[in-house]
Amino acid sequence: MISHFQWKELRNNLVRREWAFSFFYAGSYLTGTYHKDGSIDWNHPMPTEDKKKELEPKVHDLMLYHVYEEH
């Protein structure tokens, strides 16, 4: 389970839109950059390919909720 999810806008202009995010997962602190097109650049330590496949949809859902939805 992802816990303590945080995000911060890094860039917001006509060409690029990026956010930094961080969270804890399975005892590890993970960080990365989320791009407007939905792609994710992971920082060190990088999750394994299996964990990436599991985490990327969850990060995408959290970013959609926090950034794009009106609440």
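Everything here concerns the structure above.
Calculation criteria
- Residues numbered from 1 in each chain as written.
- Predicted model: local features only at pLDDT ≥ 70, side-chain atom pairs only at ≥ 80, totals over all residues.
- Heavy atoms only, no water.
- Helix = DSSP H or I, 4+ residues; strand = E, 2+ residues; numbered from the N terminus.
- Contact = heavy atoms within 4.5 Å.
- Core = buried A, V, L, I, M, F, W, Y, C linked by side-chain atoms within 4.5 Å.
- Buried < 20%, exposed > 50% of the residue type's maximum accessible area, 1.4 Å probe, protein only.
- Pairing = 2+ DSSP bridges.
- Salt bridge = Lys/Arg side-chain N within 4 Å of Asp/Glu carboxyl O.

K.L.:
Break down the side chain of T33 for me, citing the residues and quoting the values.
P.N.:
Examined against the element boundaries, T33 turns out to sit in strand 3 (residues 28–35). Apart from residues lying up to four places away in sequence, T33 is in contact with L10, E18, W19, F21, S39, I40 and D41.

K.L.:
Any chance you could break down the nonpolar core for me, citing the residues and the numbers?
P.N.:
Ranked by size, the top nonpolar core spans 14 residues in total, and within it F21, F23, Y34, W42, L55, V59 and M63 carry the most contacts. Beyond its immediate stretch of four places on either side in the chain, F21 contacts F5, Q6, W7, L30, T31, G32, T33, Y34, I40, W42 and V59.

K.L.:
Now, about the pairing of strand 3: what can you tell me, with residues and values included?
P.N.:
Among the eight residues in strand 3, six count as buried, and that is most of the element. The pairing of strand 2 (residues 17–25) with strand 3 spans eight bridges and is antiparallel. If you follow F23 over to strand 3, its bridge partner there is L30. In sequence, strand 2 turns back onto strand 3 through a hairpin of two residues, with A26 there showing a positive phi of about 50°. Bridging between strand 3 and strand 4 (residues 40–42) involves three bridges; their strand directions are antiparallel. For G32, the partnering residue across the bridge sits in strand 4 and is W42. Connecting strand 3 to the next strand, strand 4, in antiparallel fashion are four residues, including G38 with a positive phi near 95°.

K.L.:
I'd like to hear about the pattern of salt bridges, residue by residue, with values.
P.N.:
Summed over all chains, the structure comprises five salt bridges. Note that E49 is salt-bridged to K52, the shortest N-O span being 3.4 Å. On the criterion of helical spacing, the pair formed by E49 and K52 is a turn pair, its members being three residues apart in helix 1 (residues 49–68). What makes E49 exposed here is its relative accessible area of 53%. The class of K52 is buried, set by a relative accessible area of 15%. Residue K58 is joined to E54 by a salt bridge in which the shortest nitrogen-to-oxygen separation is 3.7 Å. Of this pair, K58 and E54 both sit in helix 1, four residues apart, which is roughly one turn of the helix. Its relative accessible area of 35% is what places E54 among the partly exposed residues. Through salt bridges that share partners, R11, R16 and E18 make up one connected network.

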